[in-house]
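# Structural overview for review
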Amino acid sequence: NSPFRVRLNFSFSEKLQMLLCLIFIVPVRFVVCAIAVVLAWAGSSIGLMGMDMDKPITGWRVPLRKVVGFMGKVCCMCVGFQFVQIVGKRRQKDEAPVLVVAPHSSYFDALAIFWSDLPFIVSRVENKNIPFIGKCMQFSQAIFVERENRENRAQAVNEIIRRTKSDDPWSQFLIFPEGTTSNRKALFSFKPGGFLPGKPVQPVLIRYKNKHDTVSWTWDQPHGFIMVFFYTICQWDNPVVLQYLDPYIPSEEEKKDPVLFANNVRDVMAEALEVPVCNMTYADVKEMFAKPKAKGDIPPTSEDSKKKE
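Residues numbered from 1 in each chain as written. Predicted model: local features only at pLDDT ≥ 70, side-chain atom pairs only at ≥ 80, totals over all residues. Heavy atoms only, no water.

So, on to the overall build of the protein chain. For the protein chain, the count of helices and strands is 11 helices and 9 strands. Here the protein chain has a C-alpha radius of gyration of 20 Å; the compact-globule value for 309 residues is 19 Å, and the two agree. Counting only C-alpha atoms and orienting by the principal axes, one finds that the protein chain spans roughly 55 × 55 × 40 Å. Long-range pairs, those at least 24 residues apart, make up 78% of the contacts in the protein chain between residues at least 6 apart in sequence. Carbon and sulfur atoms form 58% of the exposed surface of the protein chain, whose accessible area is close to 16300 Å². Side chains of the protein chain give 39 positive and 32 negative charges; the mean places of these two sets differ by 5 Å. (Helix = DSSP H or I, 4+ residues; strand = E, 2+ residues; numbered from the N terminus. Rg over C-alpha atoms; globule rule 2.2 N^0.38 Å. Contact = heavy atoms within 4.5 Å. Areas by Shrake-Rupley, 256 points an atom, 1.4 Å probe, with all protein chains shown as cover. Lys, Arg positive; Asp, Glu negative; His and termini not counted. Charge placed at Lys NZ, Arg CZ, Asp CG, Glu CD.)

Here it is as structure tokens:
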């Protein structure tokens, strides 16, 4: 029942299918993905020429950004996410300036960005210089943050508030508010950053429908980053559902208290997902896995707390 534990046990026939996919399908996927990445990089590099990063994208750059976003979709399809089922309707910025995506379990969750029309995100400043991908992130007008620089973090928060409250045609802001990744069996504490503007948010749920959980990249699993990618790309299809819930409009109290706002949105999303909430933060989880764990040691959820009461 641990929200961090992932174990994979493939049958002989499933291993054979993965081998055949590796031999015949994966090489084609790699080639197509490489072409899509290069095209996205080229489009982003062109779009960045003479671009004012303090203003939203306008004019000919708008359709170019759509092309870059489509190339991102192609890359996701090349990993096996050919069919992303959309449930509900994504609202526009005037109704919900912020998209709140959960549960967060993998780097594959980035597909929510491409199927949400390339909203801007917050990312580590180091990602700005990733070959090919860095240019795409810059063109999508991501806000880059130096995590160890308190002043820079404050500037990032002010920029988020400025964009989400502006009447200018900024794209929506998308966040993964959980401070850590899990296997989607619980929702963890939401960071308040995306709730500071006090504007309506639209919750977005990610549901992976794989028979085996190849996509999760979390704390308690014997395979790491590379094998998560390998197991996933060797599947013929990785079905996933993106569900857009109705926008959550904050009360006056929630506008003044972003932590309350975040917790209430989390409760709505947990109810829709039919999973408990867990109040552990990233620091708590990191500390828990940094020290030896007793057998069966799992983090308490809100349901556990209620039982104790």
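Let us now look at a nonpolar patch on the surface. On the surface, a cluster of nonpolar side chains totalling about 710 Å² of accessible area is made up of Phe-12, Leu-16, Leu-19, Leu-20, Leu-22, Ile-23 and Phe-24. Mapped onto the elements, Leu-19 comes out in helix H1 (residues 12–24). (Patch = residues over 30% accessible without salt bridge, like charges linked within 9 Å, V, L, I, M, F, W, Y side chains within 5 Å. Salt bridge = Lys/Arg side-chain N within 4 Å of Asp/Glu carboxyl O.)

A large share of strand S7 (residues 201–208) lies buried, amounting to 7 of its 8 residues. With 5 bridges connecting them, strand S2 (residues 98–102) and S7 associate as parallel partners. The residue of S7 that forms the bridge with Ala-102 is Leu-205. Bridge analysis of S7 against strand S8 (residues 240–244) gives 5 bridges, and the strand direction is antiparallel. (Buried < 20%, exposed > 50% of the residue type's maximum accessible area, 1.4 Å probe, protein only. Pairing = 2+ DSSP bridges.)

Relative to the elements of secondary structure, Val-98 occurs in strand S2. For the pair Val-98 and Pro-197, spaced 99 residues apart in the sequence, the C-alpha separation amounts to 9.3 Å. Filtering out sequence-adjacent residues up to four positions away, Val-98 remains in contact with Thr-164, Phe-173, Ile-175, Gly-194, Pro-200, Val-201 and Gln-202.

With that settled, consider the pattern of salt bridges. Enumeration over the complete set of coordinates arrives at 10 salt bridges. Its salt-bridge partner being Arg-90, residue Asp-117 comes within 3.9 Å of it at the nearest N-O pair. In this pair, Asp-117 is assigned in the loop between helix H4 (111–114) and strand S3 (122–124) and Arg-90 in the loop between strand S1 (84–87) and S2, connecting sequence segments 27 residues apart. A relative accessible area of 35% means that Asp-117 is categorised as partly exposed. Take Arg-90: its relative accessible area is 19%, and that puts it in the buried class. The shortest N-O distance in the salt bridge between Asp-213 and Arg-184 comes to 3.0 Å.

Time to look at the sheet that holds S2. Reading across the sheet, the 5 strands line up as S1-S8-S7-S2-S5 and stay open at both edges, with mixed pairing between neighbours. Strand pairing shows two members of the sheet lacking a second neighbour, S1 and strand S5 (173–175), which therefore form its edges. Neighbouring strand axes in the sheet, compared pairwise and without regard to direction, differ in orientation by 20 degrees on average. Both S2 and S5 contribute to a ladder of 3 bridges, which runs parallel. Looking at the pairing, Leu-99 lines up with Leu-174 of S5. Of the strands in this sheet, S2 and S7 are in contact with helix H9 (residues 258–273), which crosses S7 at around 35 degrees. (Axes fitted to C-alpha atoms, helices over the stretch in contact; angles between N-to-C directions.)

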